[in-house]
Amino acid sequence: MAAQEELDGEDTMLAFFGSELVRLRKAKGVGQAELARATHTSQALVSKIENAERVPSKDFALDSDRFFGTDGHLRRLWPLVIKYAYPSWFRPYVDLEKAATIIRSYETLIIPGLLQTRAYARATLSVGRSNDIETLLDVRMERQTILDRPVPPELWVILEEGALRRNMGDSAVMREQLQRLIDATKAPSTVVQVIPTEAGCHAGIGGPFHALTFEKGNPVVYADSFLQGQLLVGPEDVRAASRTYDLLLGAALPIQASVDLIARVMKEHT
């Protein structure tokens, strides 16, 4: 990475954020140590952010705006920057997810990211022993903002009952997460259905996947796997995913029965 004086913001949004930070800091006439104190971080971290070697957290952007008096400038840049916190192979999916009008998800082990609470997400990310969990949490929560749009995407989630019963964190974390699922179903655009354990073997044996439909353009399928997910765009793959999802709907409990099951599992954590 070039020295910070050479960053012109043209390479990536991450570099642009770093160059803006340098510009604002020099205009204020302060050093990295002073900025670090104002943002509750370290001088080493400030240096890495300025040199586009580290993705800033949302709190860092907010604290920097307050310190520089920039009226939310860095906070508005932050959503464009955080995509670099994702693995390179996952970034295309995040962009497609933002553009989707219909999202159909099937999960086997955990609650899907779009419906996770921050505490539950922290528990899921902690098992990977990441050195930057807070940034990963920020970007996961930012993904969920698509559900807060005036016209959100239609979200249909099918979960295995085991995902509800797998403890991620303590009982308080699970109660909050299960309540989040129930609350999500109150939105007209969101449906959650559960496949009970007694359903036995069914069409989802191939593993979790997410099917995205767009107002313009062909639908795509994202399939999870061990090392990294895979985007499938072939018509035969899309048809196979659509058929599998229809079969999963047949194995799942009706909508209200699914909500009732979630509520029963939540009570087990009281």
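To be clear, the structure that these remarks concern was listed above.
Residues numbered from 1 in each chain as written. Predicted model: local features only at pLDDT ≥ 70, side-chain atom pairs only at ≥ 80, totals over all residues. Heavy atoms only, no water.

## A short note on the pattern of salt bridges
Then step 1. Within this structure, the stated rule accounts for 12 salt bridges.
Then step 2. Between Asp246 and Arg104 there is a salt bridge, and its shortest N-O distance comes to 3.8 Å. Taken together, the positions of Asp246 in helix α11 (residues 235-251) and Arg104 in strand β1 (residues 102-107) put the pair 142 residues apart, joining distant regions of the chain.
Then step 3. Residue Asp246 is classed as partly exposed on the basis of its relative accessible area, which comes to 44%.
Then step 4. As a salt-bridge pair, Glu161 and Arg165 come within 2.8 Å of each other at their nearest N and O atoms. (Salt bridge = Lys/Arg side-chain N within 4 Å of Asp/Glu carboxyl O. Helix = DSSP H or I, 4+ residues; strand = E, 2+ residues; numbered from the N terminus. Buried < 20%, exposed > 50% of the residue type's maximum accessible area, 1.4 Å probe, protein only.)

## Considering the packing of aromatic side chains
Then step 1. Across all of its chains, the model carries 8 aromatic pairs by this definition.
Then step 2. Judged by centre distance (6.1 Å) and plane angle (55°), the ring pair of Tyr106 and Phe209 falls under tilted. With Tyr106 in strand β1 and Phe209 in strand β4 (residues 209-213), this residue pair connects regions lying 103 residues apart in the sequence.
Then step 3. Residues Phe209 and Tyr245 carry aromatic rings whose centres are separated by 6.1 Å and whose planes lie at 80° to one another, so their mutual orientation is edge-to-face. Here Phe209 is found in strand β4, whereas its partner Tyr245 is found in helix α11, with 36 residues between them in sequence. We note that Phe209, like Tyr245, is buried.
Then step 4. Taken together through their ring pairs, the aromatic side chains of Tyr86, Trp89, Phe90, Tyr93 and Tyr222 make up a single cluster.
Then step 5. Cation over ring: Lys28 sits above Phe67, and NZ or CZ is 5.0 Å from the ring centre. (Phe/Tyr/Trp six-rings, centres within 6.5 Å; stacked < 30°, edge-to-face > 60°. Lys NZ or Arg CZ within 6 Å of the ring centre and 35° of its normal.)

## Thoughts on the sheet that holds strand β3 (residues 190-195)
Then step 1. Read across the open sheet, the 6 strands follow the order β3-β2-β1-β4-β5-β6; overall the sheet is mixed. In this open sheet, the two edge strands, each paired with only one partner strand, are β3 and β6 (230-232). Direction aside, the axes of adjacent strands within the sheet are offset by 15° on average.
Then step 2. Two elements, strand β2 (residues 154-160) and β3, share 6 bridges in a ladder whose sense is parallel. Bridging from a neighbouring strand, Leu155 pairs with Thr190 of β3. (Pairing = 2+ DSSP bridges. Axes fitted to C-alpha atoms, helices over the stretch in contact; angles between N-to-C directions.)

## Let's talk about the packing of helix α7 (residues 118-126) against helix α8 (residues 133-143)
Then step 1. Orientation of α7 relative to α8, taken along the N-to-C sense of each, is 130°, at an axis distance of 10 Å. When the interaxial angle is binned, α7 and α8 end up oblique. Here α7 runs over α8; the crossing is right-handed. Seen from α7, the contacting residues are Arg118, Ala121, Arg122, Thr124, Leu125 and Ser126; seen from α8, they are Ile133, Glu134, Leu136, Leu137, Asp138, Arg140 and Met141.
Then step 2. Tallied by class, the residues present in the contact of α7 with α8 amount to 6 nonpolar, 2 polar and 5 charged. (Parallel < 35°, antiparallel > 145°, perpendicular 65-115°, else oblique. Left-handed = near helix turned anticlockwise from the far one by under 90°. Contact = heavy atoms within 4.5 Å. Nonpolar A, V, L, I, M, F, W, Y, C, P; charged D, E, K, R; others polar.)

## Side note on the packing of helix α10 (residues 171-184) against helix α12 (residues 255-267)
The packing of two helices is summarised by the inter-axis angle and the distance between the axes.
Then step 1. Here α10 crosses α12 at 165°, and the two axes come no closer than 9 Å. Taken together, the axis directions place α10 and α12 in an arrangement best described as roughly antiparallel. Remark: the crossing between α10 and α12 carries left-handed chirality. Within the contact between the two elements, α10 uses Arg175, Leu178, Gln179, Leu181 and Ile182 and α12 uses Val259, Ile262, Ala263, Val265 and Met266.
Then step 2. Among the residues making up the contact of α10 with α12, the classes are represented as 8 nonpolar, 1 polar and 1 charged.

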